[in-house]
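Residue strings, one per chain:
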Amino acid sequence: MSCTATIASSLSFTSTTCRRVIRPLPAIRMSAEDSDRPSLGRPLLPPPFRLLTFRSLPIAAAVALATSPLPALAEQIEKAALFDFNLTLPAIAIEFLLLMVALDKIYFTPLGKFMDERDAAIRGKLTDVKDVSAEVKQLEEQAAAVMKAARAEISAALNQMKKETTEELEKKLAEGRKRVEAELAEALQNLERQKDETIKALDSQIAALSDEIVKKVLPSV
Amino acid sequence: MNVIPCSIKTLKGLYDISGVEVGQHLYWQIGGLQIHAQVLITSWVVIAILLGSVIIAVRNPQTIPTNGQNFFEYILEFIRDLSKTQIGEEYGPWVPFIGTMFLFIFVSNWSGALLPWKIIQLPHGELAAPTNDINTTVALALLTSVAYFYAGLSKKGLGYFGKYIQPTPILLPINILEDFTKPLSLSFRLFGNILADELVVVVLVSLVPSVVPIPVMFLGLFTSGIQALIFATLAAAYIGESMEGHH
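Residues numbered from 1 in each chain as written. Chains lettered and ligands numbered in written order. Predicted model: local features only at pLDDT ≥ 70, side-chain atom pairs only at ≥ 80, totals over all residues. Heavy atoms only, no water.

### Some remarks on the overall build of chain A
Our working rule: We count a stretch as a helix when DSSP gives it H or I for four or more residues in a row; a strand needs E for two or more, and each element gets its number in order from the N terminus. The classification of residues rests on relative accessible area computed with a 1.4 Å probe and restricted to protein chains. Under 20% of the type maximum is buried, over 50% is exposed, and intermediate values are partly exposed. Residue contacts are counted whenever heavy atoms from the two residues lie within 4.5 Å of one another.
Across its full length, chain A carries four helices and zero strands. Reading the helices (α) and strands (β) of chain A from amino to carboxyl end gives α-α-α-α. For chain A, buried positions account for 16% of its 221 residues. Within chain A, residue pairs in contact and separated by at least 24 positions form 54% of the contacts whose partners lie at least 6 positions apart.

### Concerning the layout of surface pockets
All names here are of chain B. Applicable threshold: Every definition here rests on a 1 Å grid over the protein atoms only: cavities are sets of points where a 1.4 Å probe fits but cannot get out, pockets are open sets enclosed by protein on both sides within 12 Å along at least five of seven lines, and lining residues have some atom within 4 Å of a point. Grid points are joined across faces, edges and corners, and a volume is the space filled by probe spheres set on the points. Polar here means any residue other than Ala, Val, Leu, Ile, Met, Phe, Trp, Tyr, Cys and Pro, which are nonpolar, and Asp, Glu, Lys and Arg, which are charged; Gly is therefore polar.
When its volume is computed, the largest pocket comes out at roughly 940 Å³. What lines the largest pocket is a set of 45 residues, among which Gly 112, Glu 126, Ala 128, Glu 198 and Val 202 lie closest to the centre. Taken together, the elements giving at least two residues each to the lining of the largest pocket come down to helix 2 (37-57), helix 4 (95-114), helix 6 (172-207) and helix 7 (213-243). Split into classes, the residues belonging to the lining of the largest pocket amount to 24 nonpolar, 15 polar and six charged.

### As for the packing of helix 4 (residues 88-217) of chain A against helix 4 of chain B
Put simply, the rule is: Lines fitted to the C-alpha atoms define the axes, with helices restricted to the stretch that makes contact. Angles between their N-to-C directions range from 0 to 180 degrees. Roughly parallel means an angle under 35 degrees; roughly antiparallel, over 145; roughly perpendicular, 65 to 115; everything else is oblique. Should the near helix be turned anticlockwise from the far one by less than a right angle, the crossing is termed left-handed; should it be turned clockwise, right-handed.
In the contact formed by helix 4 of chain A and helix 4 of chain B, the axes pass within 9 Å of each other and the chain directions differ by 110°. The orientation of helix 4 of chain A with respect to helix 4 of chain B, classified from their angle, is roughly perpendicular. As helix 4 of chain A runs across helix 4 of chain B, the sense of the crossing is right-handed. Facing Phe 96, Leu 99, Met 100, Leu 103, Asp 104, Tyr 107 and Phe 108 of chain A of helix 4 of chain A, the residues of helix 4 of chain B in contact are Val 95, Pro 96, Phe 97, Gly 99, Thr 100, Met 101, Leu 103 and Phe 104 of chain B.

### Details of the pairing of strand 2 (residues 33-36) of chain B
The side chains of a regular strand alternate between the sheet's two faces. For clarity, the cut-off: One bridge is not enough; two strands pair if DSSP finds at least two bridges between them.
Judged from the four bridges that link them, strand 1 (residues 27-30) of chain B and strand 2 of chain B form a sheet pairing that is antiparallel. Its bridge partner being in strand 2 of chain B, Trp 28 of chain B is matched across the sheet by Ile 35 of chain B.

### Let's talk about the nonpolar core
One recurring pattern in soluble globular proteins is that nonpolar side chains are buried together. Quick note on the threshold: As used here, the term nonpolar core means buried Ala, Val, Leu, Ile, Met, Phe, Trp, Tyr and Cys residues forming a set that is joined through side-chain atoms within 4.5 Å.
Grouped together as the largest cluster of nonpolar side chains are 59 residues, with contacts concentrated most on Tyr 107 of chain A together with Phe 97, Leu 103 and Ile 239 of chain B. Of all the secondary-structure elements, those providing two or more residues to this core are helix 4 of chain A together with helix 2, helix 3 (67-87), helix 4, helix 5 (134-156), helix 6 and helix 7 of chain B. Considering each element in turn, this core owes the most residues, eleven residues, to helix 4 of chain A. If we skip the residues at most four places from it in the chain, Ile 239 of chain B touches Ile 87, Trp 94, Phe 97, Ile 98, Ala 147, Tyr 148 and Ala 151 of chain B. If you look at the next biggest cluster of nonpolar residues, it comprises five residues, including Leu 26, Trp 117, Leu 122 and Leu 127 of chain B.

### Observations concerning helix 2 of chain B
Let me state the cut-off plainly: Here, expected helix span is obtained from the residue count minus one, scaled by 1.5 Å.
Along its 21 residues, helix 2 of chain B runs 30 Å from first to last C-alpha, staying within 8% of the 30 Å computed at 1.5 Å per residue. By the burial criterion, the buried members of helix 2 of chain B are Ala 37, Gln 38, Val 39, Leu 40, Thr 42, Ser 43, Val 46, Ile 47, Leu 50, Val 54 and Ala 57 of chain B. Taken together, the buried residues of helix 2 of chain B touch helix 4 of chain A together with strand 1, strand 2, helix 3, helix 4 and helix 5 of chain B.

### Focus on the UniProt feature "transmembrane region" (unreviewed entry) in chain B
Residues and elements named next belong to chain B. Selection rule: UniProt positions are given in the numbering used here, feature names are shortened, and annotations may be inferred rather than shown by experiment.
Mapped onto this structure's residue numbering, the UniProt feature "transmembrane region" (unreviewed entry) falls at residues 35-58, 94-114, 134-153, 190-212 and 218-239. Annotation note: span residues 35-58, helix share 88%, strand share 8%, distance between end C-alpha atoms 35 Å. Across residues 94-114 one finds 95% helix and 0% strand; the C-alpha atoms that close the span lie 30 Å apart.

### Digging into a negative patch on the surface
Residues and elements named next belong to chain A. Note the threshold: Here the term patch refers to residues with relative accessible area over 30% and no salt bridge, with like charges joined within 9 Å and nonpolar side chains (Val, Leu, Ile, Met, Phe, Trp, Tyr) within 5 Å. Areas reported here follow the Shrake-Rupley algorithm with a probe of radius 1.4 Å; residue values treat only the protein chains shown as occluding. Take a side-chain nitrogen of Lys or Arg and a carboxyl oxygen of Asp or Glu: if they are within 4 Å of each other, that pair is a salt bridge. For the purpose of counting charges, residues Lys and Arg are taken to be positive, whereas Asp and Glu are taken to be negative. His and the chain ends are not included. Think of each charge as sitting on NZ of Lys, CZ of Arg, CG of Asp or CD of Glu.
Side chains of Glu 164, Glu 167, Glu 168 and Glu 170 sit close together on the surface and give a patch of like negative charge. Relative to the assigned elements, Glu 164 resides in helix 4. A residue is classified by how much of its surface remains accessible, and Glu 164, at 46% relative accessible area, is partly exposed.

### Quick word on the environment of Ile 49 of chain B
Residues and elements named next belong to chain B. With respect to the helices, strands and loops of the structure, Ile 49 is situated in helix 2. Residue class for Ile 49 comes out partly exposed when judged on its relative accessible area of 37%. With 58 residues separating them in the primary sequence, Ile 49 and Val 107 have C-alpha atoms 8.3 Å apart. Non-local contacts of Ile 49, meaning those with residues more than four positions away in its chain, are made with Val 107 and Leu 115.

### Quick notes on the pattern of salt bridges
Residues and elements named next belong to chain B. Across all of its chains, the model carries five salt bridges over all chains by this definition. Salt-bridge contacts for Lys 182 lead to Glu 241; the nearest nitrogen and oxygen are separated by 3.4 Å. With Lys 182 in helix 6 and Glu 241 in helix 7, the pair connects residues that are 59 residues apart, well separated along the chain.

### Side note on the environment of Ala 128 of chain B
Residue and element names in this part refer to chain B. Looking at the secondary structure, you find Ala 128 in the loop between helix 4 and helix 5. The class of Ala 128 is buried, set by a relative accessible area of 12%. Separated by 13 residues in sequence, Ala 128 and Leu 115 have C-alpha atoms that sit 8.9 Å apart. Filtering out sequence-adjacent residues up to four positions away, Ala 128 remains in contact with Thr 42, Gly 112, Trp 117 and Glu 198.

Written out as structure tokens, the structure is:
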């Protein structure tokens, strides 16, 4: 915020365009004209200031402004106080500590406790449910085992019964077969006997028949 | 043409139009010392907002939370998570400090950006975020310094000062310097961000009074929120660092 710098720059800009008289400030009195023309009625500057020419005026003005006290400007543009340390620092520190205590009592501790309790309750319920479900699983497993055992028993008994009945059947079949074979053998034997008998009978009849035939064929004999 | 008076007039004219009152404070006298009244007033407003909203929202905590309670539970969980990440397992006692730090800075910054402070005309200076004053930020930074010293000393006793020669004694001057740069950087980071954002917005509004400053305002909201988070995170990190055990 350098006010004098802006004034000096604006002065240097205007010096080439501004050719009229500079009205004197309360602290500084200058004349734009040459000091050897006093008839214009302007107050003469003391001898040292006669060295002021028009061109050196802006620089001189800036220097004079910078060094002189600036009552007119001081009221309007105050020096910026950015790094102004004062009682505000401890005041804010104390306010912050009081705020911390208050928030702790009202917000952090009660709500924190409430949230923790709620978390613990939920976790407890979850573990309960897990326990119960573990029990249920156990019971289910037991039931399945029992069912399996029962089924195994049943199938074993079934197989046993099947075996027994097939054995019986086979036995009966074998008996039947034996009987049938025996009867068949008997029948075959009978047939053989009968065959032999008939052959024997036929033999005797054949002899008789052949005699008859010869008698009939050869009647004259 | 009257160069000097007319320069003064234009400057005064510009000053009246722009109204940029940087570094202008409203001074109150307490005892023999001065105080920046505008910072005090705005900090009271921030504290009132914080305490008021907390009291209203957390009155009867329900197992299934209402909207307000849910929001404040979220904030508390966020702060707890932040503290736990930085400090470790013993984060419990530090949650109020870190939480208050975060909430105070966050609400201050956003109140400075969002609340219409210009409605209230002060005789000198203007109302703005309390964190745009160097006193506020340095106070918070010094409190953080005190906090991490207290944390280290209460945990390790005088053995805390052994950390200055860790890992090698050659780093002793750097470690001592760190104790000064930590609060310095904390305070100046926050101060610079908030003051600069306010200045940018004010200058833009005075130059281009239309929709143009609005994105800058949003940027300001974003960065000021981030600054609150950074301050709280760093405070927690310093506390955690002083409390951590041997490597």
